Amino acid sequence: MSGQYKGDMTVQQAWDLLQSDARTVLVDVRTEPEWMFVGLPALAGVGKNVIRVSWQVFPSMQVNGAFVEDVAQHGIRQDDTILMLCRSGVRSMSSAAAMTAAGYKNCFNILGGFEGPHDDERHRGNVDGWKAAGLPWEQA
């Protein structure tokens, strides 16, 4: 567990929590091109929507200075459980730390992210992460 945010969880733990806790939200912190071309978690089956707020702004990849405010605009309360998801679990760590620093109490990083690390052929989505776990997702 990190001292900067509440902790880390696997994609399966995140999915289980999204199903069982109405006050748990999923914030996908990737970029618009990633959402469009790689896909998004599909949460309709649990009656939720993915909140999309980029941690870094494409194409410059500069950190989004309005990230906390952009997330807050979605009506998330400071005691809601916030699950952060990126491609592989790195940007989501930074975004969870930023939300925690802003006073949000239950921010988690999802290990493995949406696509996980590269496999032996340098492809993502096969080794770890949301897609590799067979969790619901959709192509934009």
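Here the structure is a predicted model, which is why all the values come from computation and not from measurement.

Peer 1: Looking at this structure, I do not really get the overall build of the protein. What am I missing?
Peer 2: From N to C terminus, the protein includes 4 helices and 9 strands. In the protein, the succession of α and β elements from N to C terminus is β-α-β-α-β-β-β-β-α-β-α-β-β. With respect to the principal axes defined by its C-alpha atoms, the protein has extents near 40 × 35 × 30 Å. The burial tally for the protein puts 46% of its 140 residues in the buried class. Roughly 7,000 Å² of accessible area belongs to the protein as shown, and the carbon and sulfur atoms make up 50% of that amount. Each charge class in the protein can be summarised by its mean position, and for the 12 positive and 16 negative side chains these summaries are 3 Å apart.

Peer 1: Got a minute to help me understand the pattern of salt bridges in this structure?
Peer 2: Pairing between side chains of opposite charge can happen when their charged atoms approach one another. Following the criterion strictly, the structure yields 5 salt bridges and no others. In this structure, Asp28 and Arg30 form a salt bridge, with 2.6 Å as the shortest nitrogen-oxygen distance. A relative accessible area of 0% places Arg30 in the buried class. One salt-bridge network, held together by shared partners, links Arg23, Arg77, Asp79 and Asp80.

Peer 1: Please clarify how helix 1 (residues 11-20) should be interpreted in this entry.
Peer 2: Structural remark: α-helix, 3.6 residues per turn; residues separated by three or four positions point the same way. Within helix 1, burial applies to Val11, Ala14, Trp15 and Leu18. The buried residues of helix 1 occupy one face: seen down the axis, they fall within an arc of 100°. Contact partners of the buried residues in helix 1: strand 1 (7-9), strand 2 (24-28), strand 7 (81-85) and strand 8 (106-110).

Peer 1: Help me understand the pairing of strand 2 in this model?
Peer 2: Remember that side chains alternate between the two faces of the sheet whenever the strand is regular. When you tally the buried positions in strand 2, you get 5 out of 5 residues, the bulk of the element. Burial along strand 2 is two-sided: the residues Thr24, Leu26 and Asp28 and Val25 and Val27 are all buried. Note that strand 2 and strand 7 share 5 bridges and pair parallel. Bridging across to strand 7, Thr24 finds its partner in Thr81. When strand 2 meets strand 4 (residues 51-52), the two strands line up parallel, connected through 2 bridges. When the bridges of strand 4 are listed, Val27 appears paired with Ile51.

Peer 1: It is not clear to me how the side chain of Arg91 should be interpreted in this structure. Could you clarify?
Peer 2: For Arg91, the position within the fold is in helix 4 (residues 91-101). Within the structure, Arg91 has its side chain in polar contact with the side chain of Glu34 (distance 2.8 Å). In this structure Arg91 touches Val29, Arg30, Thr31, Glu34, Trp55, Gln56, Met61 and Cys86, once residues within four positions along its chain are discounted.

Peer 1: Whenever I open this one, the sheet that holds strand 1 confuses me. Can you help?
Peer 2: The strands making up a sheet associate through hydrogen bonds between their backbones, and the pairing can be parallel or antiparallel. In space, the 5 strands of this open sheet follow the order 1-8-7-2-4, with parallel pairing throughout. The two strands at the open ends of the sheet, each matched to only one other strand, are strand 1 and strand 4. Bridge count between strand 7 and strand 8: 4 bridges; the pairing is parallel. Bridged to Met84 within strand 8 is Asn109. Running over the sheet, helix 4 touches strand 7 and strand 8 and is turned about 175° from strand 8.

Peer 1: Looking at this structure, how should I read the side chain of Asp80?
Peer 2: Within the secondary structure, Asp80 sits in the loop between helix 3 (67-72) and strand 7. Residue Asp80 is classed as buried on the basis of its relative accessible area, which comes to 6%. At a separation of 2.9 Å, a polar atom in the side chain of Asp80 contacts the side chain of Arg23. Looking at Asp80, its side chain comes within polar contact range of the main-chain nitrogen of Arg77, at 2.9 Å.

Each value, and the rule that gives it
Residues numbered from 1 in each chain as written. Predicted model: local features only at pLDDT ≥ 70, side-chain atom pairs only at ≥ 80, totals over all residues. Heavy atoms only, no water. Helix = DSSP H or I, 4+ residues; strand = E, 2+ residues; numbered from the N terminus. Buried < 20%, exposed > 50% of the residue type's maximum accessible area, 1.4 Å probe, protein only. Areas by Shrake-Rupley, 256 points an atom, 1.4 Å probe, with all protein chains shown as cover. Lys, Arg positive; Asp, Glu negative; His and termini not counted. Charge placed at Lys NZ, Arg CZ, Asp CG, Glu CD. Salt bridge = Lys/Arg side-chain N within 4 Å of Asp/Glu carboxyl O. Arc of directions from axis to C-beta. Contact = heavy atoms within 4.5 Å. Pairing = 2+ DSSP bridges. Polar contact = N/O pair within 3.5 Å; in protein donor to acceptor, adjacent residues only side chain to side chain. Axes fitted to C-alpha atoms, helices over the stretch in contact; angles between N-to-C directions.

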